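# Structural overview
Here is how the chains run, residue by residue.
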Amino acid sequence: MSKTTIKGIGLMLIAFCLFCFTAKAQKHIEAGEKAPDFSLYDQNGRLFKMADEVGKHTLVIYFYPKDESMVCTKEACAFRDSFNDFTKAGAKVIGINGGTVASHKGFVDHYKLPFTLLSDPDNKVYNLFGVKKKFFMSGRETFIVDLKGNVVYTHAAMLEGKEHADDAMKFIRSSK
């Protein structure tokens, strides 16, 4: 191995170690804690502000890896199919991932999704909620936020998209 190659490998190891020691581990938001405040753009390019929604609705916020992927599509369609039940229960459904506004618009149009999808391109809100990556992709997790802005329910199941909508609805019904 040449000295240049060894030097390059050494610099990469130093950079990796610095990253590991300086990267902030995000605290996972648990039931009983205040939901983080955030603002993101929706599928129509409108700014969604969490602060404007707290107190108006119970919020069902679900994080999912990718528009149009198999499990994510099942999850979105499960929320779509239960949308009237969520609405009747006073809940507003919000999906979040790192996709673009345009990607979300296409996904909404393709599957006739009646709820808000928010674009989190830098995963800032993912990190605020402490949603961890799984299998080298963004995590899948659902949070329910009550009228006071407190998280009252969390559910994580990476490969069970439909379960998120079903279990969130069961929780909302049982808490009435």
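Let me sum up the structure you'll find in this document. (Residues numbered from 1 in each chain as written. Predicted model: local features only at pLDDT ≥ 70, side-chain atom pairs only at ≥ 80, totals over all residues. Heavy atoms only, no water.)

## As for the sheet that holds strand 2 (residues 47-49)
Two modes of strand pairing occur in sheets, parallel and antiparallel, and in both the strands are linked by backbone hydrogen bonds. With mixed pairing, the seven strands of this open sheet are ordered in space as 2-1-5-4-3-6-7. The open sheet has two edge strands, strand 2 and strand 7 (151-156), and neither has a second partner. The average undirected angle you get between the axes of adjacent strands in this sheet is 30°. Two elements, strand 6 (residues 141-145) and strand 7, share five bridges in a ladder whose sense is antiparallel. Among the inter-strand pairings, Phe143 is bridged to a residue of strand 7, identified as Thr154. Where helix 5 (residues 101-111) meets the sheet, it contacts strand 1 (39-42), strand 4 (91-97) and strand 5 (116-119), and its direction lies at approximately 160° from that of strand 5. Packing of helix 7 (residues 161-174) onto the sheet brings it into contact with strand 3 (58-63), strand 4, strand 6 and strand 7, and relative to strand 7 it is tilted by some 155°. (Pairing = 2+ DSSP bridges. Helix = DSSP H or I, 4+ residues; strand = E, 2+ residues; numbered from the N terminus. Axes fitted to C-alpha atoms, helices over the stretch in contact; angles between N-to-C directions. Contact = heavy atoms within 4.5 Å.)

## Notes on the pattern of salt bridges
Tallied over the full model, the rule gives nine salt bridges. A salt bridge links Lys92 to Glu53; the nearest nitrogen and oxygen atoms lie 3.4 Å apart. Separated by 39 residues along the polypeptide, Lys92 in strand 4 and Glu53 in helix 2 (residues 50-53) bring together distant segments of the chain. According to the relative accessible area criterion, Lys92 is partly exposed, its value standing at 23%. Judged by its relative accessible area of 11%, Glu53 falls in the buried class. (Salt bridge = Lys/Arg side-chain N within 4 Å of Asp/Glu carboxyl O. Buried < 20%, exposed > 50% of the residue type's maximum accessible area, 1.4 Å probe, protein only.)

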